[in-house]
Structure formats: C-alpha cells, structure tokens
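Spelled out from the first residue to the last, the chains are:
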Amino acid sequence: SPRQKLLELLERYLALATKGHAQLDEVAKIQRTQIEALERVLDKEGSNGQSSELSTVLDGFIQAQSMLLDELESSHEKTRSLQDELGKAQGEMRLDPLTHIFNRKKLQEDVEQFLTHPPSDRLRLFILVIDADDFKRINDTHGHLAGDKVLIYLARLLRTALQEESHLYRYGGEEFVVLSFHVNRQEAVDLAEQLRKKVETSQMSYQDRPISLTVSIGVSGQESGDHFDTLFSRADSAVLRAKNRGRNRVMTRF
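These lines cover the structure that appears in this document, whether it is placed above or below. Note on numbering: residues in each chain are counted from 1, in written sequence order. In view of the model being predicted, local features appear only for residues whose pLDDT reaches at least 70, and side-chain atom pairs are presented and counted only at 80 or more, with totals across whole chains, interfaces and linings using the full set of residues. The basis for every side-chain value is the complete set of non-hydrogen atoms in the structure, without hydrogens or water.

### Notes on the environment of Asn139
Okay, step 1: Helix and strand definitions follow DSSP, with helices as H or I runs of at least four residues and strands as E runs of at least two, each counted in order from the N terminus. One can find Asn139 in helix α5 (residues 135-142).
Okay, step 2: Between the C-alpha atoms of Asn139 and Val150, which are eleven residues apart in sequence, the distance is 9.6 Å.
Okay, step 3: Throughout, a residue-residue contact means that at least one pair of heavy atoms, one from each residue, lies within 4.5 Å. Setting aside residues up to four positions removed in sequence, Asn139 forms contacts with His144 and Gly147.

### Some thoughts on the packing of aromatic side chains
Okay, step 1: We call Phe, Tyr and Trp rings a pair once their centres come within 6.5 Å, taking the six-membered ring for Trp, and we label the pair stacked below 30 degrees between planes, edge-to-face above 60, and tilted otherwise. This structure, assessed with the given rule, holds five aromatic pairs.
Okay, step 2: With a centroid separation of 5.7 Å and an interplanar angle of 35°, the aromatic rings of Phe102 and Tyr169 are classed as tilted. In this pair, Phe102 sits in the loop between α3 (52-93) and α4 (104-116) while Tyr169 sits in strand β2 (residues 167-172), placing the two residues 67 residues apart along the sequence.
Okay, step 3: With a centroid separation of 4.3 Å and an interplanar angle of 20°, the aromatic rings of Tyr171 and Phe232 are classed as stacked.

### Side note on a positive patch on the surface
Okay, step 1: In this analysis, a patch consists of residues with relative accessible area above 30% that form no salt bridge, clustered at 9 Å for like charges and at 5 Å for the nonpolar side chains Val, Leu, Ile, Met, Phe, Trp and Tyr. Note that accessible areas follow from Shrake-Rupley with a 1.4 Å probe, and for residues the cover is restricted to the protein chains shown. By definition, a salt bridge exists where a carboxyl oxygen of Asp or Glu is found within 4 Å of a side-chain nitrogen of Lys or Arg. Positive: Lys, Arg. Negative: Asp, Glu. His and the chain ends are not part of the count. One atom stands in for each charge, and that atom is NZ of Lys, CZ of Arg, CG of Asp or CD of Glu. Judged by side-chain charge, Arg241, Arg245, Arg249 and Arg253 come together as a positively charged surface patch.
Okay, step 2: Following the sequence through the fold, Arg253 ends up in the segment after β7 (250-252).
Okay, step 3: A 1.4 Å probe rolled over the protein chains alone gives each residue an accessible area, and that area as a share of the maximum for its type sets the label: buried under 20%, exposed over 50%, partly exposed in between. On the basis of relative accessible area, Arg253 is assigned to the partly exposed category, the value being 40%.

### Quick word on the pairing of strand β3 (residues 175-182)
Okay, step 1: Burial runs high along β3: eight of the eight residues are buried.
Okay, step 2: Both faces of β3 are covered, namely the face carrying Glu175, Val177, Leu179 and Phe181 and the face carrying Phe176, Val178, Ser180 and His182.
Okay, step 3: Pairing between two strands is assigned when DSSP locates at least 2 bridges connecting them. Pairing between strand β1 (residues 124-132) and β3: eight bridges, direction antiparallel. Along β3, the bridge assignment pairs Arg124 with His182.

### Focus: the environment of Phe114
Okay, step 1: Residue placement: Phe114 occurs in helix α4.
Okay, step 2: For Phe114, a relative accessible area of 14% puts it in the buried group.
Okay, step 3: Separated by 66 residues in the primary sequence, Phe114 and Ser180 place their C-alpha atoms 9.7 Å from one another.
Okay, step 4: Every residue in contact with Phe114, bar those within four places of it in the chain, is listed here: Leu125, His167, Tyr169, Leu179 and Phe181.

### Regarding the packing of helix α6 (residues 144-161) against helix α7 (residues 185-200)
Okay, step 1: Here, axes are lines fitted to C-alpha atoms. For helices the fit covers the stretch in contact, and angles between N-to-C directions go from 0 to 180 degrees. As a packed pair, α6 and α7 sit with axes 10 Å apart at the nearest point and diverge in direction by 135°. One finds that α6 runs oblique with respect to α7. In the packing of α6 onto α7, the handedness of the crossing is right-handed. For the pair α6 and α7, contact is made by Leu154, Leu157, Leu158 and Ala161 and by Leu195, Lys198 and Val199, respectively. Roughly parallel here means an angle under 35 degrees, roughly antiparallel means over 145, roughly perpendicular means 65 to 115, and every remaining angle is called oblique. Note on convention: the crossing is left-handed when the near helix lies turned anticlockwise from the far helix by less than a right angle, right-handed when the turn is clockwise.

None of this, on its own, says anything about what the molecule does.
Okay, structure coming up:
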C-alpha cells in the first residue's frame, strides 16, 4: 500500500542518518512531516472514495524518493570507501589526518634514521614527549569537536615555536613528540620549558568560550644502544612522572 511504501522510505532515510549523514537527519525529519501529512490526506481521500488521483501522485512521489535514496545509499558506500582509501593514503604519506603534521609511523622511521645518521658528531638526538593536560575534561566540558580543535591548535602552536632543525609529530590521542638535536641535556630541557610556557600563556577559545591549556613534557636523550622503543619509553615515563606531580611541568629521564 502507499502508506507502507512511505513508511519504508522513511525507515531508509533514518537508517542513512544513523550511518553518519548528519544532514540527512534533518531531511528525515522533514520527510516524516511530509509523510504524516500525506497519510492524513490519503486516509481522508480514501474515506471519500476519491483516492485515484492522489494515489497516482503518491506513486510518483514514492518512485522519485526511492530513486533519491538509492543514490544516497550508493553515495554513502562510495564515501566510506573513499574515506578508507584516504586514511590508507595518509598513513602511507606519514601524515596525521587531523593536525596535518607527521604521524607515529614517520616518527619511528625518523628516530631509527637519526640514531644511526646524526647530522653531526657533536650532536645527540633528544626526544620530547608532550601530553596535553586534562584533555578528557576538555572533551567532557566543551565536546569532542572542541577537543579536535585543541589538538589542531596545539600542533600549530608547537610547530611555530620550533626551529627548523626540530621535528614535530602526533604520536596519538593528545600526545605529541618533538625530535631535536643538541650538544647537551640542558639545551633539550630549555627547549621543553620554552614549549611548556608557550602553551601555558596561549589564549584559545571555542565558540567564544576560553579554554585554558597546559602540557606535561618528558625529555630523554640518545644513549648507546638505543632504538625507538627504549628512547621513547624513557621520555614517556618522564611524562607520567610530570602528570603525577601536578601536570604543567617538564621532567627528565636519562
């Protein structure tokens, strides 16, 4: 019956909306209103025995809507496939899709490369692991979209604060990594302090609401026999100590 076909169309709209088509959610609401109105007219016309013309109109409406839904469902599958391909390509390009800085894969490759081929015999490789403080609170208070904006903001802030010889990566979640070369440990610690203060004194807002940002930073440097896991692990444990001691501070482990 036309009523049953209309209901089936609405269910298909709603199913699409739950698959991530945010705009279709509004479309589905409009369609629900239209369908309910059409059903009322259909019932009224049917009771008067004059539903032939209306049924013809409804059949055309249903056919057009069905064709539209076929295209939307096909588009959804194509979009998902393209997103998968884009994610794979971004991984191969070694870029983080959100912040557009280097990703974890590129970090691991660069650490291994820099450990074996430093730019100078006088310089050592140092790693700074930077963790955004209270990131869960930001998500809970301002929403996950705000959390994404914070990560993008931090990436830009850190990148502008670094010299060309330093390299910035997003390790994952709210954690960033800086690789830099220094003659001694103090230079690396000084860099970490500069970055920490830069974030602490920054001013960010989301939807006209200020968001206070701080970071905890762990610092470690290249030792004999190091590889990625050992070097990163020391800096990561230093971050944990910074978190446990109140956040918004720099800790080292050598």
